[in-house]
Amino acid sequence: MPLEPYDTAYHAENSIKHLSYHAYLQKVTPKSSASASSTASLPPLSQLSYKVKVPCPSGAHSTWPAGICTACQPSAITLQSQPFRMVDHVEIASFDVIDRFLQGWRKTGLQRFGWLIGRYEPYDKVPMGVKAVVEAIHEPPQEGEVDGLSLVLPWEDEPRIKALTKDFSPPLQIVGYVFTDLEAIPEDRTKSRYKRHTQSFFLSSLEVIFAAHVQNAHPILSKSSPTGLFASRMVTAVLTGTVDGGIDMSAYQVSEQACAMVAADMIEASLEPGIMRVKEEDRSEDTARYVPDVFFRYKNEYGLDVQKSAKPCFPVEYLLVNVTHGFPQNPSPLFRSTAFPVENRFDESQDVQSMLRMLSDLRAPDVQESTYGGDPTSRIALARWLSDWHLISFLGTTQLMSPEDVQVLVRTATSPKLDDSTVLDALIRTDGWQTLMTFARETAPARPTSAAPSGPTHAAMDEDIPQDIYDQMAREQAQSGGGNSRRIGDVEVEVADN
Amino acid sequence: MDMNPFGVGPANLFAQFAGYGGGHRMGGPPARAYQDYFKAYSVAMLPRTRDNLNYVGQIIMPPSALANLTTMELESPWMFKLQNVTNSAASTYAGVLEFIAEEGCVHLPQWMMKTLRLDEGDPIRITGAELPKGKMVKLQAQSTVFLEISDPKAVLEQALRHFSALTQGDIIEISYNSIVFGLLVMETHPGGEGISVLNTDLEVDFAPPVGYVEPERPKAAPPPTMASKLNIDLNSQTPGSSRPSSSLGETFAGSGTRGAAVSKGGDHWESFKGKGETLSGRKTKGKGVSHRKVEEAPQDSKIIRTDKQHIITSDDLDSEVSVPAPLNIPFGKLFFGFNIPPYVPPKEKDVDGEQPHIFAGTGNLLSGKLQSQSSSSSTAKGKSKETAASTASWGSGGQALGSRSSRPPVLSAPQAVGAGGAPVPVPRGSTAQKQPPPESDSESDWGVDDDEDVVIDSD
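- The name recorded for chain B in an unreviewed UniProt entry is Ubiquitin fusion degradation protein 1, from Fibroporia radiculosa.
- According to the UniProt record, the Sequence similarities (unreviewed entry) comment for chain B reads "Belongs to the UFD1 family."

- Going by an unreviewed UniProt entry, chain A carries the name Nuclear protein localization protein 4 and comes from Fibroporia radiculosa.
- Per its UniProt entry, chain A bears the Sequence similarities (unreviewed entry) comment "Belongs to the NPL4 family."

Right under this line is the structure:
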């Protein structure tokens, strides 16, 4: 007989630690739909809340923090491993995505943070599973340190990025975040220290609280919950060292209990990464906090299952949910270019001039619509170069292209066949693109590749200025990013201002 | 067989001179032919002394020497070997600067006087010499002031223009900017006696000057970590309980050791010093109270020490767990710099599952029969034999109380204390027999306080 999607034996066999969300939903939904019992029509899921109910349902006493009763206080919590998880697998579309993110760490030695941008798809290895496919990593403004990082909050660009992701087809969204926790071993600087293992910790208490905040901020819509919201699909990914010194990713989510506890402000991080502290009860007016009894069960040294109070601290593992991760066998990433510099990086900068210069390097102004012919290789190269999340996101900030044009660009850049000659046509026809091309043309230092150095934007002094002077000028201009007069030796060259 | 590099004919004349050494000389007597004795004076004794003469590598000779040299038709450049008559080991090579000295006297630069260990007016023997052209010389400045010169090579070039020869082991003196620098000629190539430095391309190598200390490179400051910026103290802990009174309990119970010196009447008079004798006759010397400190109980033990204050609260009795301190970092900051124990890979399990060989070795029954003890993995019968043997095998190496020999059977404290405190022998399968300490070592061995385990020989 066919197995239920939440069959425990199957899961144990295939070492699937948690049910997928939909399987869990099926499990808790009462099956008897024939009988019109009231319980069948109730939404089965419920959002956990460990806050004191204000005002008290019984209404018999003044509200918290003045008074409390069993009706409004949260019940005792028994920490247990969450049976289900919202996301079962994280798939990175291609190695380039992670590699580019790691460049930030490689160049500076400081830890980096990035928001994962992708979409959700069904995952077939787990019954009714959900996987998050990560297409790009967007790095927000942050300050990295050797042993930590600080995000610049609030992230002002967030609404714009979120709106931009929706323009894609299929629409993308922020599916989680990733950060590096890499430390090079002093003896062999190519290897990273194996920091997170069974004897130390997997996700520190601080990171669990951070994840809980993020998960609380991004709940999913669900019909099966009375509030219409439930849990969250945000994934926490860590890039850390392996036993052999390589770099590998681990992905986690935190359990609903953790999210509820953080929402009720009951727990705090500790200096010992594998331990979570429980805050103390507080009945002052402003920072009132009610902390119910928290227990957790474990097997003590005699092999007995005992329950212990989680106050003042408890191991963090009770709050974690494992998520598998992997790379596809045949990567077909949405974004195929890695040329454009990444935003908010210390040593790379995105600016219009360099972008225009790159465009002119690609001979973008010369690429016309396919009907007018033109060089197919440069067309393909340009199409490929445009397929870059960071470029698209940057163009949005420059306001060189209107939002509609950006949408056209988005569609172009993410089209599956970039070799097709017609793929750029729609883009070229947009006004925004034409504006860009005009700028690009003017930025180009009109190198005398084929024609004599008497272009309209270039006032040559002498006929016999040698070639290398021109190259030098081009380089100088490229360095300064366009602009006014240049003095090279005794030759004063004037270049048209943009 | 005579070497005849000049060919036949008129060269034969020169062949006679070939024996005098050196074949390039085309005419004139060998340099060594000139020899004379003078009285050596420093250049300060010149009627019109010039200080710069002190910093050259050349001497001032009388005009008669000039006459002699020209008559002899000695090859120029004229190089001389100067030797101290009384101390013929002290010698150096030099050229000649001028011939304005008084008769019978030569004037030497001050450093040359020093090198030759000459006093004013001492006799000196001067012999002509032929020196090979120098290729390389290694100099060592005698003071670190030399390092202050911006262009030492140029300075040396200038100075060495006034030198005709350099001798290995000399300390020459040069002057620059009215500072005198001493330079030790450490090595010369070609080695040997001296080298000529006239018209040569001399390679100069500098050794670190005397008294030069490698400057300490300031260590690069460690990059600022988040821990330092946010003042995260990775080792701080908070008391297990939230009760305020218990925090006091923790600090007191966890405080460090006080000095164990027991003072009597305010003095540092320590008891248990002086000689003593153990029951077995071993002489011991007390090391005093302060030598052996009171054994510290581990942090979480229930032992109460009376010299430390100990405040107990009910929470302490419940749980003496110390909880790691909170890490209060605002949202948006992540910290990774925790103290993490390094990863210890799980030990490989032995494939065969060898069991430790306890009870291996020979033993004796009380009756004196020799018993060979097999390893623990033997049959039950063997085991019972073993157990019988092990408990009874005192071995032949035991000592009666009172006899003077190897270590007395001092109680080894934590292990094996039987009922009433009688020592129970712990059979050490195949341990080597400990030699009795030689008499000479017993001086340092005094001290009943030794906690060493005693091996009761169980042969």
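A closer look at the overall build of chain A
Piece 1. Summing up its helical and strand segments, chain A has 14 helices and 22 strands in all.
Piece 2. Each of the 498 residues in chain A was classed as buried or not, and the buried ones make up 48%.
Piece 3. Across chain A, contacts joining residues at least 24 apart in sequence account for 67% of those joining residues at least 6 apart.
Piece 4. Taken as a whole, chain A presents about 24,000 Å² of accessible surface, with 52% of it coming from carbon and sulfur.

Digging into the overall build of chain B
Piece 1. Helices and strands together make up the secondary structure of chain B, namely nine helices and 19 strands.
Piece 2. The 459 residues of chain B split such that 32% are buried.
Piece 3. Within the structure as shown, chain B displays about 28,800 Å² of accessible surface, and the carbon and sulfur contribution to it stands at 55%.

Quick look at the packing of aromatic side chains
Piece 1. Summed over the entire model, instances satisfying the criterion amount to 28 aromatic pairs over all chains.
Piece 2. Ring centres of A:Phe296 and A:Phe314 lie 6.5 Å apart, and the angle between their planes is 45 degrees; on these two criteria the pair is classed as tilted. You can see A:Phe296 sitting in strand E16 (residues 294-299) and its partner A:Phe314 sitting in strand E18 (residues 313-315), a full 18 residues away along the chain. In terms of burial, A:Phe296 and A:Phe314 fall into one category: buried.
Piece 3. Look at B:Trp78 and B:Phe99: their rings are 6.1 Å apart centre to centre, the planes differ by 80 degrees, and that puts the pair in the edge-to-face class.

Describing the pattern of salt bridges
Residues and elements named next belong to chain A.
Piece 1. Within this structure, the stated rule accounts for 21 salt bridges over all chains.
Piece 2. Across the salt bridge formed by Glu 139 and Arg 112, the nearest N and O atoms sit 2.2 Å from each other. Note that Glu 139 is positioned in the loop between strand E6 (129-138) and strand E7 (142-145) and Arg 112 in the loop between helix H4 (95-108) and strand E5 (113-123), a separation of 27 residues in sequence.
Piece 3. Close ionic contact of Glu 135 with Arg 119 constitutes a salt bridge, the shortest N to O distance being 2.6 Å.

Considerations on the sheet that holds E16(A)
All names here are of chain A.
Piece 1. Here three strands make up an open sheet; going across it, the order is E2-E16-E17 and the pairing mixed. Of all strands in the sheet, those with a lone pairing partner are strand E2 (77-79) and strand E17 (305-309), marking the two edges. Going across the sheet, the axis of each strand differs from the next one's by a mean of 30 degrees, ignoring polarity.
Piece 2. With five bridges connecting them, E16 and E17 associate as antiparallel partners. Its bridge partner being in E17, Tyr 298 is matched across the sheet by Val 306.

Let's talk about the interface of chain A and chain B
Piece 1. Facing 39 residues of chain A, the contacting portion of chain B comprises 33 residues.
Piece 2. Note on chain A versus chain B: buried area summed over both sides is about 3,100 Å², and carbon and sulfur give 67% of it.
Piece 3. For chain A, the biggest contributors to the area lost against chain B are A:Asp147, A:Leu206 and A:Leu271; these three give 25% of the whole.
Piece 4. Seen at the junction of chain A and chain B, the total is five residue pairs in polar contact (both at pLDDT 80 or more).
Piece 5. When contributions to the side of chain A that touches chain B are tallied by element, the ones reaching two or more residues are strand E8 (148-151), strand E9 (173-181), helix H6 (205-217), strand E14 (267-269) and strand E15 (275-278) of chain A.
Piece 6. By residue number, the principal contributor to the side of chain A that touches chain B is H6(A), which donates five residues.
Piece 7. Of the residues belonging to the side of chain A that touches chain B, the class tally is 18 nonpolar, ten polar and eleven charged.
Piece 8. Both E8(A) and strand E17 (residues 333-335) of chain B contribute to a ladder of three bridges, which runs antiparallel. Paired with A:Leu149 across the bridge in E17(B) is B:Leu334.

A word on unusual backbone geometry
Piece 1. Following A:Leu153, the chain continues into A:Pro154 via a peptide bond in cis, with omega recorded as -5 degrees.
Piece 2. Its place among the elements puts A:Pro154 in the loop between E8 and helix H5 (158-166).
Piece 3. B:Pro190 follows B:His189 through a cis peptide bond whose omega is 0 degrees.
Piece 4. We note that A:Ser15 has phi near 45 degrees; this positive angle belongs to a residue other than glycine.
Piece 5. In this structure A:Ser15 comes out as exposed when scored by relative accessible area, which is 62%.
Piece 6. Positive phi values are uncommon outside glycine, yet B:Asn199 reaches one of about 55 degrees.
Piece 7. Position of B:Asn199 relative to the elements: it lies in the loop between strand E11 (194-196) and strand E12 (203-207).
Piece 8. Residue classification places B:Asn199 among the exposed positions, given a relative accessible area of 73%.

Focus on the sheet that holds strand E9 (residues 171-176) of chain B
Residue and element names in this part refer to chain B.
Piece 1. Spatially, the four strands line up as an open sheet ordered E9-E10-E7-E12, and their pairing is mixed. The open sheet terminates on both sides in strands that have one partner only, identified here as E9 and E12. Within this sheet the neighbouring strands show an average axis-to-axis angle of 35 degrees, counted without direction.
Piece 2. By the bridge criterion, five bridges tie strand E7 (residues 136-141) to E12 in an arrangement that is parallel. Across the sheet, the residue bridging to Lys 138 is Asp 205, located in E12.

Here's the deal with the environment of A:Pro341
All names here are of chain A.
Piece 1. In this fold, Pro 341 is placed in the loop between strand E19 (320-326) and helix H8 (352-361).
Piece 2. Under the relative-accessibility criterion, Pro 341 is labelled buried at 13%.
Piece 3. For Pro 341 and Met 355, which are 14 residues apart along the polypeptide, the C-alpha to C-alpha distance reads 9.4 Å.
Piece 4. In contact with Pro 341, other than residues within four places in its own chain, are Glu 348, Ser 349, Gln 350, Met 358 and His 390.

Considerations on the nonpolar core
Considering soluble globular proteins, one finds that nonpolar side chains tend to be buried as a cluster.
Residues and elements named next belong to chain A.
Piece 1. Ranked by size, the top nonpolar core spans 93 residues in total, and within it Leu 79, Ile 267, Phe 314, Leu 359 and Leu 436 carry the most contacts.
Piece 2. Broken down by element, the residue count for this core peaks at seven residues, all from H6.
Piece 3. Inspection of this core shows a minimum of three residues originating in each of domain 1 (8-26 + 43-326) and domain 2 (352-443).
Piece 4. Leave out the neighbours within four places in its chain, and Ile 267 touches Ile 209, Ala 258, Met 261, Val 262, Met 276, Arg 277, Val 278, Lys 279, Phe 314 and Leu 319.

A look at the pairing of strand E14 (residues 273-277) of chain B
Residue and element names in this part refer to chain B.
Piece 1. Burial of E14 is sparse: only zero of the five residues sit out of reach of the surface.
Piece 2. Summarising the sheet, E14 and strand E15 (residues 283-287) pair through five bridges and their orientation is antiparallel. By the bridge assignment, Glu 277 is partnered in E15 with Lys 283.

What about the confidence of the model for chain A?
The predicted coordinates ought not to be read in detail in places where the model reports low pLDDT.
Piece 1. The share of residues in chain A with pLDDT of 70 or more is 86%, and the mean pLDDT across the chain is 81.
Piece 2. In the model, residues 481-490 of chain A has pLDDT below 50 throughout and makes 21 contacts with residues more than four positions away in sequence or in other chains.

Conventions and cut-offs
Residues numbered from 1 in each chain as written. Chains lettered and ligands numbered in written order. Predicted model: local features only at pLDDT ≥ 70, side-chain atom pairs only at ≥ 80, totals over all residues. Heavy atoms only, no water. UniProt positions renumbered as here; feature names shortened; annotations may be inferred. Helix = DSSP H or I, 4+ residues; strand = E, 2+ residues; numbered from the N terminus. Buried < 20%, exposed > 50% of the residue type's maximum accessible area, 1.4 Å probe, protein only. Contact = heavy atoms within 4.5 Å. Areas by Shrake-Rupley, 256 points an atom, 1.4 Å probe, with all protein chains shown as cover. Phe/Tyr/Trp six-rings, centres within 6.5 Å; stacked < 30°, edge-to-face > 60°. Salt bridge = Lys/Arg side-chain N within 4 Å of Asp/Glu carboxyl O. Pairing = 2+ DSSP bridges. Axes fitted to C-alpha atoms, helices over the stretch in contact; angles between N-to-C directions. Buried area = accessible area lost by both parts, 1.4 Å probe. Polar contact = N/O pair within 3.5 Å; in protein donor to acceptor, adjacent residues only side chain to side chain. Nonpolar A, V, L, I, M, F, W, Y, C, P; charged D, E, K, R; others polar. Core = buried A, V, L, I, M, F, W, Y, C linked by side-chain atoms within 4.5 Å. Domains from an automatic or database assignment. pLDDT = per-residue confidence, 0-100.

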